[in-house]
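Residue-level structure breakdown
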Amino acid sequence: QVQLVESGGDSVQSGGSLRLSCAASGYTSSSDYMGWFRQAPGKKREGVAGIRRDGYTTYANSVKGRFTISQDNAKNTLYLQMNSLKPEDTAMYYCAAGISRGFYFLLVEDYYNSWGQGTQVTVSS
């Protein structure tokens, strides 16, 4: 019910920065939380960062201190500022939105119902 389109992915050198954006449309008011997930070749998709509508955030240990998730509800846009990028951050990054049914985990994909197509981030050493 919510359409999501990511942008901002690129190829950068280790230590560089990127800012990913996720434009949401449709019934955006129905989403209780949003998040960023990533999937590298040969690996399962993992939660990177999540944010509740009230601004509460959580991050995967691997990106704490380097990534920052934020949202602009007026513009229906989600962001992921990525600093000090490492080759291990190379992956397809996905934006997701979820509706709470009383219980959820921001970094677990099973609790999200809407997904974007993804944007590629490649970090070279």
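Described in the following lines is the structure provided in the data block. Just so it is clear, the structure is predicted and the values come from calculations on it, not from any experiment.

**Considerations on the pairing of strand β3 (residues 18-26)**
Bridge analysis of strand β1 (residues 2-7) against β3 gives 6 bridges, and the strand direction is antiparallel. When the bridges of β3 are listed, Ser 7 appears paired with Ser 21. Pairing of β3 with strand β8 (residues 77-82) involves 6 bridges; the strand directions are antiparallel. In the strand pairing of β8, Leu 18 is matched with Met 82.

**Side note on the packing of aromatic side chains**
Following the criterion strictly, the structure yields 8 aromatic pairs and no others. When the centroid spacing of 5.8 Å and the interplanar angle of 75 degrees are considered together, the rings of Phe 105 and Tyr 111 count as edge-to-face. You can call Tyr 111 partly exposed: its relative accessible area is 26%. Through a chain of ring-to-ring contacts, three or more aromatic side chains come together here, namely Tyr 33, Phe 37, Tyr 104, Tyr 112 and Trp 115. Positioned over the ring face of Tyr 79 is Arg 19, at 4.3 Å from the centre of the ring. One cation-aromatic arrangement involves Arg 45 over Trp 115; the distance from NZ or CZ to the ring centre is 3.9 Å.

**As for the sheet that holds β8**
Ordered by their spatial adjacency, 4 strands build an open sheet running β1-β3-β8-β7, and the pairing between neighbours is antiparallel. Pairing within the sheet leaves two strands with one partner each, and these edge strands are β1 and β7 (67-72). Ignoring which end each strand starts from, the neighbouring axes of this sheet average 15 degrees apart.

Definitions and cut-offs
- Residues numbered from 1 in each chain as written.
- Predicted model: local features only at pLDDT ≥ 70, side-chain atom pairs only at ≥ 80, totals over all residues.
- Heavy atoms only, no water.
- Pairing = 2+ DSSP bridges.
- Helix = DSSP H or I, 4+ residues; strand = E, 2+ residues; numbered from the N terminus.
- Phe/Tyr/Trp six-rings, centres within 6.5 Å; stacked < 30°, edge-to-face > 60°.
- Buried < 20%, exposed > 50% of the residue type's maximum accessible area, 1.4 Å probe, protein only.
- Lys NZ or Arg CZ within 6 Å of the ring centre and 35° of its normal.
- Axes fitted to C-alpha atoms, helices over the stretch in contact; angles between N-to-C directions.

Scope: geometric values only; no functional claims are made or implied.
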